[in-house]
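Now for the letters of each chain:
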Amino acid sequence: MDRLGGLRRLRFEPGTGSLAAVGVAAIALLVYARTLVPGPTFGDWAEMQFIPAQLGIPHPTGYPLFVLIGWAFSLLPIGSLAIRAELMSAVAAAASAGVCVLIAMRLGVRPVLAIAAGLTLALTGEIWLEATYSEMNTLHLLLMAAIIHRALVWRAERRDRDLLIGALLAGLSLSNHLLAATVVPIVILFVIVDARARILERPILVAQAALLFGLGLLPYAFIPLRALAGPASIYGRFLTWDGFSTLVTGADFRRDMHFTSGESLAKAWRDVPDVLAQLQARSNIVFVIGGIVGGAIELVRDRWVALMLGLIVAANIFFFANYVGDLDHYLLVTWLIFAVGLAVTAESIIGWLERRMPSLAEEPGPAILAFVLPIVVGVNNWSTYDESQNHTGDEFATAVFAELPPNSVLLSYWDTLTNLSYVHCIEGQRPDLALRAFDDAARIVCDPVTESLEAVAHERPLFALFVTGSEVDQLRGSFDLVAGPRLALPYGRRTLDHSGILYRLIPKAAAADARRLALTGLTGPG
């Protein structure tokens, strides 16, 4: 183990590592910037294109760190608001690939192979996809990568400041996304086990780390502070503990969480082949096998690292499998760890060849061959994950607005309202319209209509657009529904993969009056 540690220290040179990481991040950012979605999207992705710029409070769990950083990106004097929001995702994803390089080098991987692994990670499908849409997922990946890296730095160099930086990063990561709770406790456990002698020697470290961890949670103060600014009808609920805690814990989604059922472990195990298939589909078989083999190699070389990373992957898959089951971004840290394993495998293969053929140690050729993998992955994925010509969101908004007469009010659901709100509120299209959800305190509309639907329908043309029949059925008791065109609709995805009818809502009382007048005209004098 000492000999191995010496080898790893030899491999890792801070200046070389930083330069390699920056180079990978820069290349990845160039790719992502070229392939960003050029306009509005749908659902959560559309919400995060404009809510941070307004310093609003998004859907649970609030994501305050993402909102604050997103607001800063919204001030950049480039492109549209949507592009600025997506650029934040791109920067975080690119930086994550750079940190992957640093992690690999900490595990004894030479720079050229660490660079190849970092580029491969950047060009895999899931990372690339998340980099081109605005959401908190790539920031989550970056913070998780930074925490893992900091744990490795502490272990190698034993500096108290690395423990403290790690504690701050842990708090910040939870301020961005509660998914961090699947990684942070594991890293803390392994660091405490490794640092127990130092902690016993300097117990003040625990207090200092706890203080910095709490400091990292301070972004949550943004939520009640924003609520104080109002309007109370929309944000007032977050000034109560019940409203605040419901938001930040995601209580409304607990019905989809099955983490404590007896079946949860079995379901996670059954999902492992599907997870591996997904990894292969969005990269290739070499990436998957290399990641698995690298984990096995690390288990022989350094059990502490291998068990920590292995438990993180297991937790990733467990939470992915037992919450909804199709939120692929829950596996982002698994992608990172597979890329690190790939780098370890490549280093082991090249090292083995050099020991048997010493002349190879003087030749860069074998290591340079590692760059074939990111090139192949990138070429294969380009057409799938290049979003630069994706104008679906703009076209959808144009199609919906074209069907609405002047001064209309549209009642609709989350995935459409976020898209239409961006186009209506941010780009200023159709200022005569108003958008409304069933929840009249929805935070994604800029001109909320708070009157009852019946009152609105007497004053303005009222329309409804939903993808599910249950929501339409809620309206039938009070309105006659006049069917209009069937439109392609989004539903939980980035594409228009569903459809629904645009209905004109006529209050039943008004419809009855119209029918009576018509009958009077038919039977009256004449």
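Residues numbered from 1 in each chain as written. Predicted model: local features only at pLDDT ≥ 70, side-chain atom pairs only at ≥ 80, totals over all residues. Heavy atoms only, no water.

Across its full length, the chain carries 25 helices and five strands. The principal-axis extents of the C-alpha atoms in the chain amount to approximately 110 × 50 × 50 Å. Split into buried and exposed, the 526 residues of the chain put 53% on the buried side. Residue pairs at least 24 apart in sequence account for 75% of intrachain contacts in the chain once pairs closer than 6 positions are excluded. Total accessible area on the chain is roughly 22900 Å²; 65% of this is exposed by carbon and sulfur atoms. The average position of the 39 basic charges and that of the 46 acidic charges among the side chains of the chain differ by 7 Å. (Helix = DSSP H or I, 4+ residues; strand = E, 2+ residues; numbered from the N terminus. Buried < 20%, exposed > 50% of the residue type's maximum accessible area, 1.4 Å probe, protein only. Contact = heavy atoms within 4.5 Å. Areas by Shrake-Rupley, 256 points an atom, 1.4 Å probe, with all protein chains shown as cover. Lys, Arg positive; Asp, Glu negative; His and termini not counted. Charge placed at Lys NZ, Arg CZ, Asp CG, Glu CD.)

Time to look at unusual backbone geometry. The general pattern is negative phi for most residues beyond glycine and trans for most peptide bonds. The omega torsion across Pro60 and Thr61 is 20°, close enough to zero to call that bond cis. By the secondary structure assignment, Thr61 is in the loop between helix 3 (43–50) and helix 4 (64–74). In the segment running from Gly230 into Pro231, the intervening peptide bond is cis, with an omega of 5°. Of note, Arg430 is a non-glycine position whose phi angle comes to about 50°, a positive value. Take Arg430: it is sitting in the loop between helix 22 (414–426) and strand 2 (434–436). Note on Arg430: relative accessible area 21%, which makes it partly exposed.

The relation between two aromatic rings is expressed through the spacing of the ring centres and the mutual angle of the planes. In total, this model carries 14 aromatic pairs according to the counting rule given. Relative to Phe396, the ring of Phe42 lies with its centre 5.5 Å away and its plane at 80°, an arrangement referred to as edge-to-face. Of this pair, Phe42 sits in the loop between helix 2 (14–34) and helix 3 while Phe396 is found in helix 21 (residues 392–402), placing the two residues 354 residues apart along the sequence. Considered together, Phe42 and Phe396 belong to a single accessibility category, that of buried residues. Each residue in the set Tyr413, Phe438, Phe466 and Tyr491 is aromatic and connected to the rest through ring pairs, giving one cluster. Cation over ring: Arg226 sits above Tyr235, and NZ or CZ is 4.1 Å from the ring centre. Arg494 extends its terminal NZ or CZ atom over the ring of Tyr133, reaching a point 4.5 Å from the ring centre. (Phe/Tyr/Trp six-rings, centres within 6.5 Å; stacked < 30°, edge-to-face > 60°. Lys NZ or Arg CZ within 6 Å of the ring centre and 35° of its normal.)

The two faces of strand 3 (residues 462–465) match: Leu462 and Ala464 on one face and Phe463 and Leu465 on the other face are all buried. Alignment of strand 1 (residues 409–412) against strand 3, held across four bridges, turns out to be parallel. Opposite Val409, over in strand 3, you have Leu462 as the bridge partner. As judged from the three bridges shared by strand 3 and strand 5 (residues 498–507), these two strands associate in the antiparallel manner. Its bridge partner being in strand 5, Ala464 is matched across the sheet by Tyr503. (Pairing = 2+ DSSP bridges.)

Another aspect to go through is the environment of Ser478. Position of Ser478 relative to the elements: it lies in the loop between helix 24 (469–473) and strand 4 (479–489). With residues up to four places along the chain from it excluded, the contact list for Ser478 reads Glu454, Ile506, Pro507 and Lys508.

The topology assignment puts Val22 in helix 2. The class of Val22 is exposed, set by a relative accessible area of 55%.

Looking now at the packing of helix 8 (residues 137–157) against helix 9 (residues 160–176). Helix 9 packs onto helix 8 with a crossing angle of 160° between their chain directions and a minimal axis gap of 9 Å. What the angle tells us is that helix 8 and helix 9 run roughly antiparallel. Considering the relative orientation of helix 8 and helix 9, their crossing is left-handed. Together, Leu139, His140, Leu143, Met144, Ala146, Ile147, Arg150, Val153 and Trp154 of helix 8 and Asp160, Asp162, Leu163, Ile165, Gly166, Leu169, Ala170, Leu172, Ser173 and Asn176 of helix 9 make up the contact between the two elements. Taken together, the residues of the contact of helix 8 with helix 9 sort by class into 12 nonpolar, four polar and three charged. (Axes fitted to C-alpha atoms, helices over the stretch in contact; angles between N-to-C directions. Parallel < 35°, antiparallel > 145°, perpendicular 65-115°, else oblique. Left-handed = near helix turned anticlockwise from the far one by under 90°. Nonpolar A, V, L, I, M, F, W, Y, C, P; charged D, E, K, R; others polar.)

In this section: the sheet that holds strand 3. One open sheet holds the five strands; their spatial order is 2-1-3-5-4, and the pairing between them is mixed. Each edge of the sheet is formed by a strand with only one pairing partner; in this case those strands are strand 2 and strand 4. Taken pair by pair, the neighbouring strands of this sheet meet at an average axis angle of 25°, ignoring direction. Sheet contacts for helix 22: strand 1, strand 2 and strand 4; angle to strand 2, the most-contacted strand, approximately 155°.

A few words on the confidence of the model for the chain. When pLDDT is averaged along the chain, the result is 91, and 92% of the positions lie at 70 or above. Segment residues 1–10: pLDDT under 50, and 11 contacts once partners within four positions in sequence are set aside and those in other chains are kept. (pLDDT = per-residue confidence, 0-100.)

Should their charged atoms come close, side chains of opposite charge can pair. With the rule as written, the count across this model stands at 23 salt bridges. For Asp326, the salt bridge is made with Arg493, and the minimal N-O distance between the two is 2.8 Å. Separated by 167 residues along the polypeptide, Asp326 in the loop between helix 17 (303–322) and helix 18 (332–356) and Arg493 in the loop between strand 4 and strand 5 bring together distant segments of the chain. Three or more residues joined by partner-sharing salt bridges are found here, namely Arg106, Arg150, Glu157, Arg159 and Asp162. (Salt bridge = Lys/Arg side-chain N within 4 Å of Asp/Glu carboxyl O.)

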